[in-house]
Amino acid sequence: MMTESQALETLTRQDPAAAGDAKAALAWLAGDEGLESISLLRLQEFLWYALPVKWPMSTPARVAVAKSLGRLFALAGLDRYAAVCSSAGTEQIIAAFAEGHEEGIAAYTEAIEASNAAPPDTQLLAWGSVMGVQERAAYDSCAAALELAFASGELSAGSRGWRGKRADLVNRWLTGRQEASVSRPARPGGDTGPTPGGVPGILGTDTWLGRISAERIDAWAHGRPGDRSRLARVLMPRLLEPPALPDDPLPTLRWLLRHADEGLRLTARHYIAPALVTEAVDTFGWRDQLVGSLRQELDVFPLHVLRGMAQNEMGAVRRSRTSLVLTKTGKLMAADPAARWHIATAALIGPDDGPAPDFSVAVREAALLVILTDGPTGYDELTRLLTDIHGVEGWASGSRSGLAGAVRTELYTLRQRLWALHLLGGEHGFNAPLSLTETGVAAALSALLARALRPRHHLGLG
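Please read these numbers as outputs of a predicted model, since none were measured by experiment.

The N-to-C vectors of helix α8 (residues 133-152) and helix α10 (residues 208-222) enclose an angle of 150°; their axes lie 8 Å apart at closest approach. By the angle between their directions, the pair α8 and α10 is classed as roughly antiparallel. Pair α8 / α10 crosses with left-handed handedness. Residues Val 133, Gln 134, Glu 135, Ala 137, Ala 138 and Ser 141 of α8 form the contact with α10, whose participating residues are Trp 208, Arg 211, Ile 212, Glu 215 and Arg 216. For the contact of α8 with α10, the per-class residue count stands at 5 nonpolar, 2 polar and 4 charged.

Structure follows, in structure tokens:
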């Protein structure tokens, strides 16, 4: 087995051109840190993404760089890494990028997932595709631990229960005490600000999970333009010390889950059966808030919205023939009030995991920020404030009036979601100020904390 310098000298004598390619690739991969700093994941990301996307050369030249790097690894005794460099799969992925960026990304993603080198999402943490400094350091460190576990035989892909064991290893790595190898970046002006060590479910910042959480919350509170970040900073102390879980959180959702546990009956057109609609209307006082016979699901806005959120966003129920039944997530929510609370309140704002920011999610988040900061706010005033916020952030809808109309539409949707979860305070009329019950305030804080801690999947307004 040769050292790095010996391997480079040998390759230079054998093939100077290949040695030049290998040296350039090694500099990109490891900088001044040397071969010891390279992990299987880092190598794969270079070969399958950086090389075909960021190196301006022909496809055959890129393949030649990969093979030259493989020759260097072979001389240094790193046979597993050499095999990746020279594999047909690597050549196919590089060629896929020549056909188009989307084709290349699809091939890269499939190969990364199949290699088991990347740390998987677990119940403790979902990794973002856009990472901060701490998260990326944790991701790389965890990948190295997984690589060692596979190499030593502690993990064996395909063996019984290996995915669960891999997830357990990741969780241990995230929650174990770690030396802070990456300093926390200062904000503009040098203020590092408070860290969220007191947030339930977040360990102190001497763990990877704690540092990732601190970094995500910091980015959420300081990384957006205009009033959104200002409002987030005002609410930060309340987010870091959220109120206690209500005794009976989200009774409308509990009702739906209880019926779905037994098989909630649907009509032939797959709407909730009239008898159950009537039960919900009478149980939750909706007869005094709505007009009409209120026997059909579509006549009862809060019930229809509740069913849609539970089915499409929370993943708590699914349709099975002529019934709604619980999913695995729904069974957890039905049995555990805390799980029901956290999953449902996160859905109040909604997911934002696409390649671009979601306008609906942005409006819901900003509306809750304003209401929690300023109290009950009329629709006209709230529309004006949110139109200003989203205009500064670069959202556009043809004209200011068009943007205001889009904002108002989303506010009506938010109102219905709050109503559906029994969180809407004050009068329920469409022109009444948008306000929250005491439980609604707690739910909004929970929703914003989930938003702050979420994995990032795009740059910019999120």
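After that view of the structure, there is still more to cover.
For His 270, which is not glycine, the phi dihedral falls at a positive 70°. Along the polypeptide, His 270 turns up in the loop between β1 (264-265) and α13 (274-283). The exposure class of His 270 is partly exposed, given its relative accessible area of 29%. For Arg 321, which is not glycine, the phi dihedral falls at a positive 55°.

Reading across from one edge, β1-β3-β2 is the order of the 3 strands in this open sheet, with antiparallel pairing throughout. Where the open sheet ends on each side, the last strands, each with one partner, are β1 and β2 (317-320). Examined bridge by bridge, β2 and strand β3 (residues 323-326) share 4 bridges and lie antiparallel to one another. Paired with Ser 320 across the strands is Ser 323, a residue of β3.

What follows deals with the nonpolar core. Generally speaking, a soluble globular protein has its nonpolar side chains buried in company with each other. Core analysis: the largest hydrophobic core is formed by 79 residues, its most contacted members being Leu 253, Trp 286, Leu 303, Met 314, Leu 386, Leu 421 and Leu 448. Beyond its immediate chain neighbours, meaning those up to four positions away, Leu 448 contacts Trp 220, Leu 235, Leu 239, Ile 349, Glu 365, Leu 368, Leu 369 and Leu 372. Membership of the second largest hydrophobic core comes to 60 residues, among which are Ile 94, Tyr 139, Leu 169 and Leu 174.

Conventions used here
Residues numbered from 1 in each chain as written. Predicted model: local features only at pLDDT ≥ 70, side-chain atom pairs only at ≥ 80, totals over all residues. Heavy atoms only, no water. Axes fitted to C-alpha atoms, helices over the stretch in contact; angles between N-to-C directions. Helix = DSSP H or I, 4+ residues; strand = E, 2+ residues; numbered from the N terminus. Parallel < 35°, antiparallel > 145°, perpendicular 65-115°, else oblique. Left-handed = near helix turned anticlockwise from the far one by under 90°. Contact = heavy atoms within 4.5 Å. Nonpolar A, V, L, I, M, F, W, Y, C, P; charged D, E, K, R; others polar. Buried < 20%, exposed > 50% of the residue type's maximum accessible area, 1.4 Å probe, protein only. Pairing = 2+ DSSP bridges. Core = buried A, V, L, I, M, F, W, Y, C linked by side-chain atoms within 4.5 Å.

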